[in-house]
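# Descriptive analysis of the structure
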Amino acid sequence: MPTTPPSGDWSGVHWNDWSDLALIRARLDAGADPHGNVYYYGRPLRAAAAHGSPEVVAELARRVDDVDAEYEGRTALWEAVFADRPGNARVLADAGADPWRPMMSGWSPGRLSLATPAPDLFPLPPGEPGLSPAESAAVAEARRLITALGDFEDDGLGLACVAGVTAAEAVRRLEAEPVAQDEVEEVLEDPAELWEDNLDLVGITDVPGGCVITQPWSFGPSSPRVSERLSAGTVCYGLFANPKSGNQGSVARDGVIVEWDTHPGGGSVSPDQPAAEILATYLYQGQAIAYCCAGAGLRLPDARAIIGECDLWVRLPGHLV
């Protein structure tokens, strides 16, 4: 069968295609602009840095006029570091990209690399700041927490992570009533069948740093009224792992919802975000639950409080859910 000639643009090139040197080279040879627009990433080099292979990155770096061109406040080298692609980062540095170019609230590519699994990716020049003690602690805690929580099915999970509040105090704030264990076990045996009648049933557990409110089958703990009550005088990170639309997050501080419909663990940052938030977004990419726990300062030793092995099960008053 005759093959379709390569297109002279970047239409139809998907994330996994940026590792296909023959495809990308054919596009370029057919007239695709190495400085042309690629959805979300701006230039092809930045898309390849985050998703592609070192060979494709080298090919594109050879054809662009500025290997350090910025888009939304960061360069292709920054994207490679953020995406944990040290091979791509080395190729870009060899092509002249500057690891220590200032950007992203103080997170140059080189400084961000100090928080990655490859902290020796670039030699630290004299006078360049390394990680602060607080940042080093955040990196270590992220790795510990993600490992401690492990992997489990979280579709449909509702969660609230509350800083500095005990389970007993959470029950008081929510005006909740304890539920007998046999009733809870009946629901847990088939939550998919009984979820609609149990939107008010939540589990609460004390953990280091505060408490966790969970509902493995729905959004109850992350509902606005619940978050507002729990966050009085503190902070509450809410999460609903919506099976249809993905993770939906929120943050409430001192009784007020301050962030809504966020995407915890989504890995999206902007240059005007605080330095600590950029670091947290990098550390918890694809780890929505750990992100919420860390945001509230909770240091869970394992996933017990989240997956339903809770200290206490209670029913919420109807006006909260």
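This section reports on the structure supplied with the text. What you see is a predicted model; the values in this text were computed from it and never measured. (Residues numbered from 1 in each chain as written. Predicted model: local features only at pLDDT ≥ 70, side-chain atom pairs only at ≥ 80, totals over all residues. Heavy atoms only, no water.)

### Focus on the overall build of the protein
Helix and strand counts for the protein stand at 14 helices and eight strands. Dimensions along the principal axes, computed over C-alpha positions, put the protein at roughly 70 × 60 × 30 Å. By residue count, 47% of the 321 residues in the protein fall in the buried class. Considering only contacts within the protein whose residues lie at least 6 apart along the sequence, 67% involve residues at least 24 apart. In the form shown here, the protein has an accessible surface area of approximately 14800 Å², with 52% of it arising from carbon and sulfur atoms. Computed over 22 positive and 47 negative side-chain charges, the separation of the two mean positions in the protein equals 6 Å. (Helix = DSSP H or I, 4+ residues; strand = E, 2+ residues; numbered from the N terminus. Buried < 20%, exposed > 50% of the residue type's maximum accessible area, 1.4 Å probe, protein only. Contact = heavy atoms within 4.5 Å. Areas by Shrake-Rupley, 256 points an atom, 1.4 Å probe, with all protein chains shown as cover. Lys, Arg positive; Asp, Glu negative; His and termini not counted. Charge placed at Lys NZ, Arg CZ, Asp CG, Glu CD.)

### Quick word on the pairing of strand β6 (residues 246-253)
Of the pairings in the sheet, the one linking strand β5 (residues 235-242) to β6 comprises eight bridges and is antiparallel in character. Bridge pairing in β6 places Ala241 opposite Asn247. In this antiparallel pair of consecutive strands, β5 and β6, the connection spans three residues. Note: β6 against strand β7 (residues 256-262), five bridges, orientation antiparallel. Across the sheet, the residue bridging to Val251 is Glu259, located in β7. Between β6 and β7, which pair antiparallel one after the other, the connecting turn spans two residues, and Asp254 there sits at a positive phi close to 50 degrees. (Pairing = 2+ DSSP bridges.)

### Focus on helix α12 (residues 275-283)
Along α12, the residues classified as buried are Ile278, Leu279, Ala280, Thr281, Tyr282 and Leu283. Here the buried face of α12 lies against α4 (76-82), α6 (109-113), α7 (133-149) and α13 (288-295).

### Considering the nonpolar core
One broad rule of soluble globular proteins: the nonpolar side chains tend to lie buried together. Formed by 70 residues in total, the largest nonpolar core has its most connected members in Trp18, Leu92 and Leu300. For Leu300, the residues in contact, after removing those within four places along its chain, are Arg144, Leu145, Ala148, Leu149, Val207, Val212, Cys293, Ala305 and Ile306. (Core = buried A, V, L, I, M, F, W, Y, C linked by side-chain atoms within 4.5 Å.)

### Comments concerning the environment of Val91
Examined against the element boundaries, Val91 turns out to sit in helix α5 (residues 86-94). Sequence separation of Val91 and Arg143 is 52 residues, and the distance between their C-alpha atoms is 27 Å. Apart from the residues lying within four places of it in its own chain, the contact partners of Val91 are Pro54, Val57 and Ala58.

### A closer look at the pattern of salt bridges
Pairing between side chains of opposite charge can happen when their charged atoms approach one another. Scanning the entire structure with this criterion turns up 17 salt bridges. Where Arg172 meets Glu169, a salt bridge forms, and the shortest distance between an N and an O atom there is 2.7 Å. Note that Arg172 and Glu169 are positioned in helix α8 (residues 167-174) at a spacing of three residues, about one turn of the helix. When salt bridges that share partners are traced, they join Arg25, Asp29, Glu59, Arg62 and Arg63 into one network. (Salt bridge = Lys/Arg side-chain N within 4 Å of Asp/Glu carboxyl O.)

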